[in-house]
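Okay, here's what each chain looks like letter by letter:
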Amino acid sequence: MALTQVSSNKCSGGYQKVFEHDSTELKCKMKFAVYLPPKAESGKCPVLYWLSGLTCTEQNFITKAGSQQAASEHGIIIVAPDTSPRGCNIEGEDESWDFGTGAGFYVNATEEPWKTNYRMYAYVTEELPSLINANFPAYPEKMSISGHSMGGHGALICALKNPGKYKTVSAFAPICNPMQCAWGQKAFTGYLGEDKKAWEAYDATVLAASYSGPRLDILIDQGRDDQFLSASQLLPDNLNAACSETKIPVVFRLQPGYDHSYFFIYSFINDHIKHHAKYLNV
C-alpha cells in the first residue's frame, strides 16, 4: 500500500510525520500521524495507537498533547489516525458534529448509507497495523492502545474485543457505556440500526462484563470538572463496576479541577506513556 508523506518535523530527537494513503476499508483517502523516536533509526520499536475524540483529526493529538518527549525517552512509536472517513459524499455526513464526519465512533457500520465507508473498527485493528508494520520499524507483537473521549471508547473496545492483541490500554475521559448515553445512542442507531443487541459488541461496559481473556491492565484518567461527566455522557462508574465483577484491574483516577480538554490530556500524558512502556517491555 503506497504512502504519501504529507509532513515531517524534527521533534524531541525524532520525527513527527503525517502520511496519506488510499484506505481499502474506508474507500477514501486517509491521513494518520506517526511519531518516530530516535530509537527507530537503528532498530524496531513498540507501537502505541492513539484514538482521538469527536470533531478531531490526526492533528489534535500531535499538536496539543505533548506526547513526543516521553515517546522519545521510552522509544515508542505513536500512531494517531483520523477519526472518520472524509469526503465520501454521503448525504448527511456533515450535518452534525457528533455523527458522520469526525465521528466514526470506531465501529463497523452495518446500516445504509454508512456501511461501505464507516468501518473505523476494521481500519484501526486490521488495516492500520498492517500498514504500520509493513512501512515502519515496528514490533508487530508489541502494540498497545489509548484514546480520549470517543477515542477512549474506541481504545477500550479494541482491547476488550481482541484479548491479547494489545499489551495494555489507557484512556482519558472515555465514553464508557455508550448504549446508555446520548452520544452513543445517536451514533449506534445511525451506524448499527435499532437492534440494541448489535450495540453490545461496541460497548466497553458490556464487553468488560463478559471478558475472559488474558490479564488486561487498564489506566483511566477522568477530570472531575469535565462537563460531559456531569452530563452523563461518560459513565465511568458503570465500567468500573463491570471490571470489578470480572476482576479486570483498573486504575481509575478522578483528577480534581480538570475538564475534558487537551490541557487535561497534556497534564497526564507522560503517566500514560510510562504505563504503556511498562507493558510493552521497553
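Residues numbered from 1 in each chain as written. Predicted model: local features only at pLDDT ≥ 70, side-chain atom pairs only at ≥ 80, totals over all residues. Heavy atoms only, no water.

- For the chain, an unreviewed UniProt entry supplies the name S-formylglutathione hydrolase and the organism Umbra pygmaea.
- Per UniProt, the comment on the chain under Catalytic activity (unreviewed entry) is "S-formylglutathione + H2O = formate + glutathione + H(+)". (UniProt positions renumbered as here; feature names shortened; annotations may be inferred.)

1. Section: the pairing of strand β1 (residues 4–11)
Part 1 of the reasoning: Pairing between β1 and strand β2 (residues 14–23): 7 bridges, direction antiparallel. Paired with S8 across the strands is K17, a residue of β2.
Part 2 of the reasoning: Count of turn residues in the β1/β2 antiparallel hairpin: 2 residues, of which S12 carries a positive phi of about 50 degrees. (Pairing = 2+ DSSP bridges. Helix = DSSP H or I, 4+ residues; strand = E, 2+ residues; numbered from the N terminus.)

2. With respect to the environment of I78
Part 1 of the reasoning: Following the sequence through the fold, I78 ends up in strand β5 (residues 77–81).
Part 2 of the reasoning: For the pair I78 and Y49, spaced 29 residues apart in the sequence, the C-alpha separation amounts to 5.8 Å.
Part 3 of the reasoning: Setting aside chain neighbours within four positions, we find I78 in contact with A33, V34, Y35, L48, W50, F61, S67, A71 and I273. (Contact = heavy atoms within 4.5 Å.)

3. Details of the sheet that holds β1
By definition, the strands of a sheet pair up through backbone hydrogen bonds, in either a parallel or an antiparallel sense.
Part 1 of the reasoning: Ordered in space as β1-β2-β3-β5-β4-β6-β7-β8-β9, the 9 strands form an open sheet in which the pairing is mixed. Of all strands in the sheet, those bounded by a partner on one side alone are β1 and β9 (250–255). The average undirected angle you get between the axes of adjacent strands in this sheet is 20 degrees.
Part 2 of the reasoning: For strand β7 (residues 169–172) and strand β8 (residues 218–223), the ladder comprises 4 bridges, and the chain directions are parallel. Residue pairing for β8: V169 is matched across the bridge by I218. (Axes fitted to C-alpha atoms, helices over the stretch in contact; angles between N-to-C directions.)

4. What about the pattern of salt bridges?
Part 1 of the reasoning: Under the counting rule described, the total for this entry stands at 9 salt bridges.
Part 2 of the reasoning: For K115, the salt bridge identified is with E112, shortest N-O distance 3.6 Å.
Part 3 of the reasoning: Judged by its relative accessible area of 37%, K115 is partly exposed. (Salt bridge = Lys/Arg side-chain N within 4 Å of Asp/Glu carboxyl O. Buried < 20%, exposed > 50% of the residue type's maximum accessible area, 1.4 Å probe, protein only.)

5. Side note on the environment of W97
Part 1 of the reasoning: Note on placement: W97 falls in the loop between β5 and α3 (120–135).
Part 2 of the reasoning: Here W97 falls in the partly exposed class, since its relative accessible area comes to 45%.
Part 3 of the reasoning: For the pair W97 and Y191, spaced 94 residues apart in the sequence, the C-alpha separation amounts to 15 Å.
Part 4 of the reasoning: Sequence-distant contacts of W97, defined by excluding residues within four places in its chain, comprise L54, T55, A103 and W183.

6. Description of helix α5 (residues 182–192)
Part 1 of the reasoning: Buried residues of α5: W183, G184, A187, F188, Y191 and L192, and no others. Burial along α5 is one-sided: seen end-on, the buried residues are contained in an arc of 110 degrees.
Part 2 of the reasoning: Residues of α5 that are buried make contact with α4 (150–161), α6 (196–199) and α8 (227–230).
Part 3 of the reasoning: One or two steps after α5, the chain reaches G193, where phi turns positive at roughly 95 degrees. (Arc of directions from axis to C-beta.)

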